[in-house]
Every structure is written in C-alpha cells, then in structure tokens.
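One letter stands for each residue in the lines below.
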Amino acid sequence: MEMETKYFGRLPYTEEEQIYFENGLFGFEEAKHFILIRFDNESGNILCLQNIEDSDLAFTLMNPFAFLSDYAPVPCDEDMKKIGATDINELLFYNICVIQPNLQESTVNLRSPIVVNPETQKGIQVILDDTQYSFKYQFQNFLKEG
C-alpha cells in the first residue's frame, strides 16, 4: 500500500505498521489510522505521526526519554486496557511538539503523551494525572537540563 504524506511525499506502508487509535487524538477524534515515520534514520527520537487518510494531518513527536531522564508517565488502568497492555514497560511513549519559527518558543506536550502498544499496534493519547508535567513544556528547558 502507499500513502501521501505531509513531509515525505508518497511512501509505501504495510498493514502491520498502522497504529490504530480507537478514539483518535484530542481534537482529531475522526482520525484513527496512523503511521510513525522517522525524520532521521539514526536515533528515531524525532518522528512524524502521519494520518493515513489525510496527508495534511501529521504531528511531530519526540521520544521524551531521550531528552528528559526523569520523565515517568503512568497511564491509568482503563487506558492500559484500551490498548491491550498489562505492563507499562512494554509501551512506547511519545509527546507532540509544537514547532515555532524560533525553536526556543517551541513546546512539547508532556501532560498528554501518545502511548503505543507495539504488540497490538493500538495507541491512545492520555492525560496524565501527574500535574508536574506541562501541556506546554518549553524547548529552551531542554537546553538547561542538558
């Protein structure tokens, strides 16, 4: 199969690569099927979450653990069940980035991570109960921590 993407042109993909979001993403509830695409072939720490049906619907994601060593998201039991997960250590976590022309004004949503169960290829966007995480964590804070 092939799809048109926002940043990469036409790309082939397989059924097994699809991540299914039963409830979509916040604000995009109708969008259910996505593919993760690496922006680089090296680290995989910055990715694109591309909707299969709408080539203009794509999100820049980051692997939070590559940048924040103390990030410890804990989805609730109900969210774990929705994606068929029993062990949090088997899940993949990503955060949506809002990229601005001035990179220091860019933000990352640490409070509502994308959680993917690679075994079932099901995903969910959750809102963490932990209020220490911000919806708009500033990129410039990564510089301070590094």
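Because the structure is predicted, anything quoted here is derived from the model rather than measured. (Residues numbered from 1 in each chain as written. Predicted model: local features only at pLDDT ≥ 70, side-chain atom pairs only at ≥ 80, totals over all residues. Heavy atoms only, no water.)

**Q** Give a detailed account of the packing of aromatic side chains, specifying residues and quantitative values.
**A** Between two aromatic rings, the relevant description is the distance of the centres plus the angle of the planes. Within the structure shown, the criterion is met by nine aromatic pairs. Note on Tyr7 and Phe8: the rings are 6.4 Å apart at their centroids and 80 degrees apart in plane angle, and the pair reads as edge-to-face. Since its relative accessible area comes to 43%, Tyr7 is described here as partly exposed. Measuring from ring centre to ring centre gives 5.3 Å for Phe28 and Phe59, while their planes differ by 75 degrees; the resulting arrangement is edge-to-face. Remark: Phe59 occurs in strand 6 (residues 58–62) and Phe28 occurs in the loop between strand 3 (19–21) and strand 4 (33–38); sequence separation between them is 31 residues. Here a set of aromatic residues connected by ring pairs shows up, and it is made of Phe21, Phe28, Phe34 and Phe59. (Phe/Tyr/Trp six-rings, centres within 6.5 Å; stacked < 30°, edge-to-face > 60°. Buried < 20%, exposed > 50% of the residue type's maximum accessible area, 1.4 Å probe, protein only. Helix = DSSP H or I, 4+ residues; strand = E, 2+ residues; numbered from the N terminus.)

**Q** Requested: an account of empty space enclosed by the protein, with residues and values cited.
**A** Scanning the entire structure with this criterion turns up one cavity of 30 Å³ or more. Put simply, the largest cavity is a space of about 70 Å³. Top element by residues in the lining of the largest cavity is strand 10 (residues 122–125). It accounts for three residues. (1 Å grid on protein atoms, 1.4 Å probe; cavity = no way out; pocket = protein on both sides within 12 Å on 5 of 7 lines; lining within 4 Å. Points joined across faces, edges and corners; volume = space filled by probe spheres on them.)

**Q** Give a description of the pattern of salt bridges that names residues and reports values.
**A** Think of it this way: side chains of opposite charge can pair up when their charged atoms draw near. Enumeration over the complete set of coordinates arrives at three salt bridges. Between Arg10 and Glu2 there is a salt bridge; the shortest N-O distance is 3.1 Å. On the basis of relative accessibility, which here comes to 48%, the residue Arg10 falls in the partly exposed class. The salt bridge involving Glu4 is made with Arg10; its shortest N-O contact spans 3.4 Å. Residue class for Glu4 comes out partly exposed when judged on its relative accessible area of 34%. Connected via shared salt-bridge partners are Glu2, Glu4 and Arg10. (Salt bridge = Lys/Arg side-chain N within 4 Å of Asp/Glu carboxyl O.)

**Q** Mind laying out the side chain of Asn95, listing which residues take part and the relevant values?
**A** With respect to the helices and strands, Asn95 occurs in strand 7 (residues 92–98). Polar side-chain contacts of Asn95 include one of 3.1 Å to the side chain of Tyr71. Of note is the side chain of Asn95, whose polar atom sits 2.9 Å from the backbone oxygen of Asn109. Discounting chain neighbours no more than four positions away, the residues touching Asn95 are Thr60, Leu61, Met62, Pro64, Tyr71, Val108, Asn109, Leu110 and Pro113. (Polar contact = N/O pair within 3.5 Å; in protein donor to acceptor, adjacent residues only side chain to side chain. Contact = heavy atoms within 4.5 Å.)

The analysis is restricted to geometry; functional conclusions fall outside its scope.
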